[in-house]
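Single-letter residue listing:
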Amino acid sequence: MAAWTWRFETAGGTEVQPAVQPEEFTTQGDAESWIGEHWKDLREGGTDQVRLFEDSTEIYGPMSLHAEEAEAEEAGTEA
């Protein structure tokens, strides 16, 4: 079974320890749900961007945690 994991980075791409310790996820959906719940705490703890891996294969990234905030604010003003 594949393991889905996040890599936590500064804006410059340096790996950092996350403010919230993740588990090892068994599906991409579980991993994405977790990041959706914890991205603010992670950002406040010094993580600027994340990369998603399936085992050792990078699936996508870097994904900025700051961009999500901007998108959320834009979505809030449109509602």
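As a reminder, the structure under discussion sits directly above these lines.
Everything numeric here is computed off the predicted structure, so don't read it as measured data.

### Details of the sheet that holds strand S2 (residues 49–54)
If you walk across this open sheet you meet the three strands as S1-S2-S3, and the pairing is antiparallel. On the outer flanks of this sheet lie strand S1 (4–9) and strand S3 (57–64), each paired with one strand and no other. Direction aside, neighbouring strands of the sheet carry axes that sit 20° apart on average. Here six bridges tie S1 to S2, and the two strands are oriented antiparallel to one another. From the neighbouring strand, Trp-4 faces S2, where its bridge partner is Glu-54. Contacting S1, S2 and S3, helix H1 (residues 28–44) runs over the sheet at an angle of about 25° to S1.

### Some points on the pairing of S3
Residues in a regular strand point their side chains to alternate faces of the sheet. Inspection of the sheet shows S2 paired to S3 by five bridges, in the antiparallel sense. Paired with Glu-54 across the bridge in S3 is Thr-57. Hairpin remark: S2 followed by S3, antiparallel, with two residues in the connecting loop; positive phi at Asp-55, about 55°.

### Points about H1
Compared with the 24 Å implied by 1.5 Å per residue over 17 residues, the 24 Å span of H1 between its first and last C-alpha is a close match. Bending of H1 peaks at approximately 60° at the position of His-38. The positive-phi residue at the C-terminal boundary of H1 is Gly-46, with phi of around 110°.

### A closer look at the packing of aromatic side chains
Considering all chains together, one arrives at three aromatic pairs under this definition. Between the aromatic rings of Trp-6 and Tyr-60, the centroid separation amounts to 6.3 Å while the plane-to-plane angle is 70°, which identifies the pairing as edge-to-face. Residue Trp-6 is found in strand S1, and its partner Tyr-60 is found in strand S3; the two are separated by 54 residues along the sequence. A relative accessible area of 8% places Trp-6 in the buried class. Judged by its relative accessible area of 25%, Tyr-60 is partly exposed.

### Details of the nonpolar core
In terms of nonpolar packing, the biggest core is built from 14 residues, with Trp-6, Phe-8, Trp-34, Ile-35 and Leu-42 touching the most fellow members. At the level of elements, S1, H1 and S2 are the ones that each hand at least two residues to this core. Here the element with the most residues in this core is H1; it accounts for five residues. In this structure, Trp-34 is in contact with Trp-6, Phe-8, Val-20, Gln-21, Pro-22, Glu-23, Phe-25 and Leu-42, ignoring residues within four places of it in sequence.

The rules behind these values
- Residues numbered from 1 in each chain as written.
- Predicted model: local features only at pLDDT ≥ 70, side-chain atom pairs only at ≥ 80, totals over all residues.
- Heavy atoms only, no water.
- Pairing = 2+ DSSP bridges.
- Helix = DSSP H or I, 4+ residues; strand = E, 2+ residues; numbered from the N terminus.
- Axes fitted to C-alpha atoms, helices over the stretch in contact; angles between N-to-C directions.
- Contact = heavy atoms within 4.5 Å.
- Expected span 1.5 Å × (residues − 1).
- Bend = angle between axes of the 7 residues up to and from the residue.
- Phe/Tyr/Trp six-rings, centres within 6.5 Å; stacked < 30°, edge-to-face > 60°.
- Buried < 20%, exposed > 50% of the residue type's maximum accessible area, 1.4 Å probe, protein only.
- Core = buried A, V, L, I, M, F, W, Y, C linked by side-chain atoms within 4.5 Å.

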